[in-house]
Amino acid sequence: MAARRLAETLSRNLVEDIYRCSFKKQTGVSLKYMMDFGAYPTSKNLLVSAQFLHKELPVRLAHRVTELENLPHGLSSKAPVLTVRDWYVDSFKDLRNFREIQNLQDEYRFTELITRIKHRHNNVMPTMAMGIQELKEDLGKKVGLNELPEIHQFLDRFYMSRIGIRMLIGQHVALHQENPPPGYIGLICTKVSPVEVAQNAIDDARSACMRTYGSAPEVHVYGDPNFTFAYVPTHLHQMLFELVKNSLRAVQERFMDADHECPPIRVVVADGIEDVTIKISDEGGGIPRSGLPKIWTYLYSTAKSPLADEERQLQDTPSIMAGYGYGLPISRLYARYFGGDLQVISMEGYGTDAYLHLNRLGNVQEPLP
């Protein structure tokens, strides 16, 4: 039985505690709540925030540990998955062993602890990817992950939860900054210019394209550069980098041997009442309709997987042109985390439009898988 494995290595009390916590309900917070709460990071507020995380994080970690323990198709017994599970167990244990937070000294020590926990989990994604890759090899080339919907749904839940845990820890830690940059409340910037973030993401994606191909198509941005809204700029950068990178690669490969200029990629920023929508349009030839569901599956990539190169320590920031095939599904989770979404519409033989919807009001609670 899968559940026996935790019991083999951990004390009975700890295993029971993990399962007990995994039955508790998780508590979601919205972007607006994080902003309102963090706007005045008084000692009292930091104390309340730490007390909330001290209760909430073990519950979220326990949900993931029990799920990692009971995955189908033998995924739970893969060495990389066990490594990830053990990181989650260690973090759970550290939080449960931390005494009740009663004063600012406790709060300071707790903030140091969650900083270490966030660091411990830095390589969860590439490590999990190695486990999934091993599963794919076991099952043979015939089975794509889209034929294993339960693995795919698990990864959606697992990575969505990871985004939430890292956001909560990162936000609490960032509220401790002595001199936060103007307009920032923790990780949230109250005046993000999507045009400016798009321009930075384009510069990064074009450099990656240059490194891979020796040249890069032009990208034109349309929208009001002075328009701003509240969001987490690192999340927005990551999503736009991924979408622009995909478009650059499609256009570059389609027009590699053409004797005329590549058509430019167009990025349009629109500010609605509910949503800020960013459209990325390319003429890279599009995706056949039968292939569209595949772009949302993990480890589907038309590019060579870098997993063979296990030495590569991938952190949270993507810099390679292609690789894990994680870019689109993860970007969609980032969008959904704050109540937005990501849609891709394709015209085979012409090109692809990606629509990134971002909730402008920030009042949607975290999705809690």
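In this text the structure is predicted, and so the values were computed from the model without any measurement.

Novice: Just to check I follow, could you spell out the sheet that holds strand β6 (residues 275–282) for this structure?
Specialist: Backbone hydrogen bonds hold the strands of a sheet together, and the pairing may be parallel or antiparallel. Overall, mixed pairing links the five strands, which are arranged β3-β5-β6-β8-β7 in an open sheet. Where the open sheet ends on each side, the last strands, each with one partner, are β3 (219–222) and β7 (341–347). Between one strand and the next, the sheet's axes are offset by a mean angle of 15°, whatever the strand orientation. As defined by bridge partners, β6 adjoins strand β8 (residues 351–359) across eight bridges and the pair is classed as antiparallel. Bridged to Ile280 within β8 is Ala354. Packed on one face of the sheet, helix α9 (residues 194–213) meets β3, β5 (265–271) and β6 and runs near 175° to β3.

Novice: Would you mind going over the nonpolar core with me for this structure?
Specialist: General note: in soluble globular proteins, nonpolar side chains tend to be found buried as a group. Ranked by internal contacts, the top residues of the largest apolar core, which has 102 residues, are Tyr159, Leu236 and Leu356. Ranked by residue count, the leading element in this core is helix α8 (residues 149–174), at 11 residues. Excluding residues within four positions of it along the chain, Leu356 makes contact with Leu236, Met239, Leu240, Leu243, Val276, Thr277, Ile278, Ala335, Asp341 and Leu342.

Novice: I keep staring at the state of the cysteines and nothing clicks. Help me out?
Specialist: By definition, a disulfide links the sulfur atoms of two cysteines through a covalent bond. Within the structure shown, the criterion is met by zero disulfides. Here Cys209 stays unpaired: no disulfide links it, and the sulfur of Cys262, its closest cysteine neighbor, is 8.5 Å away. On the accessibility criterion, Cys209 (0% relative accessible area) is buried.

Novice: Would you mind going over the confidence of the model for the protein with me for this structure?
Specialist: As a note on interpretation, predicted positions should not be read in detail where pLDDT is low. On average, residues of the protein score 89 in pLDDT, and 90% of them reach the 70 mark or higher. Confidence drops under a pLDDT of 50 for residues 301–324, and excluding neighbours within four residues, the segment shows 51 contacts in the predicted structure.

Novice: How do you make sense of the packing of aromatic side chains when you look at a structure like this?
Specialist: A ring pair, where both rings are aromatic, is described by two values, the distance of the centres and the angle of the planes. Evaluated as defined, the whole model comprises 10 aromatic pairs. Both rings, one in Tyr88 and one in Phe158, keep their centres 5.5 Å apart while their planes meet at 40°; by these two values the pair is tilted. Of this pair, Tyr88 sits in helix α5 (residues 79–97) while Phe158 sits in helix α8, and the two are 70 residues apart along the sequence. Assessed through its relative accessible area of 0%, Phe158 is described here as buried. Judged by centre distance (5.5 Å) and plane angle (70°), the ring pair of Phe98 and Phe110 falls under edge-to-face.

What counts as what
- Numbering of residues begins from 1 in every chain and follows the order in which that chain's sequence is written.
- It should be noted that, the model being predicted, local features are given only for residues of pLDDT at least 70 and side-chain atom pairs only at 80 or more, the latter also being counted only at that level, while totals for whole chains, interfaces and linings use all residues.
- Side-chain descriptors were evaluated using all non-hydrogen atoms of the structure, hydrogens and water having been removed beforehand.
- Strands were regarded as paired on the criterion that DSSP finds at least two bridges between them.
- Under the scheme used here, helices are H or I runs from DSSP no shorter than 4 residues and strands are E runs no shorter than 2 residues, and both carry numbers assigned from the N terminus.
- Each axis is a line fitted through C-alpha atoms, and for a helix only the stretch in contact is used; angles between axes span 0 to 180 degrees, taken between their N-to-C directions.
- Residue contacts are counted whenever heavy atoms from the two residues lie within 4.5 Å of one another.
- In this text, buried Ala, Val, Leu, Ile, Met, Phe, Trp, Tyr and Cys residues form a nonpolar core when linked through side-chain atoms within 4.5 Å.
- Three exposure classes are used, based on accessible area relative to the maximum for each residue type with a 1.4 Å probe and protein chains only: buried under 20%, partly exposed in between, and exposed over 50%.
- Here, the term disulfide refers to a pair of cysteine sulfur atoms separated by no more than 2.5 Å.
- pLDDT expresses, on a scale from 0 to 100, how confident the predictor is about each individual residue.
- Centres within 6.5 Å make a pair out of two Phe, Tyr or Trp rings, where for Trp the six-membered ring is used; the pair is then stacked when the planes are under 30 degrees apart, edge-to-face when over 60, and tilted otherwise.

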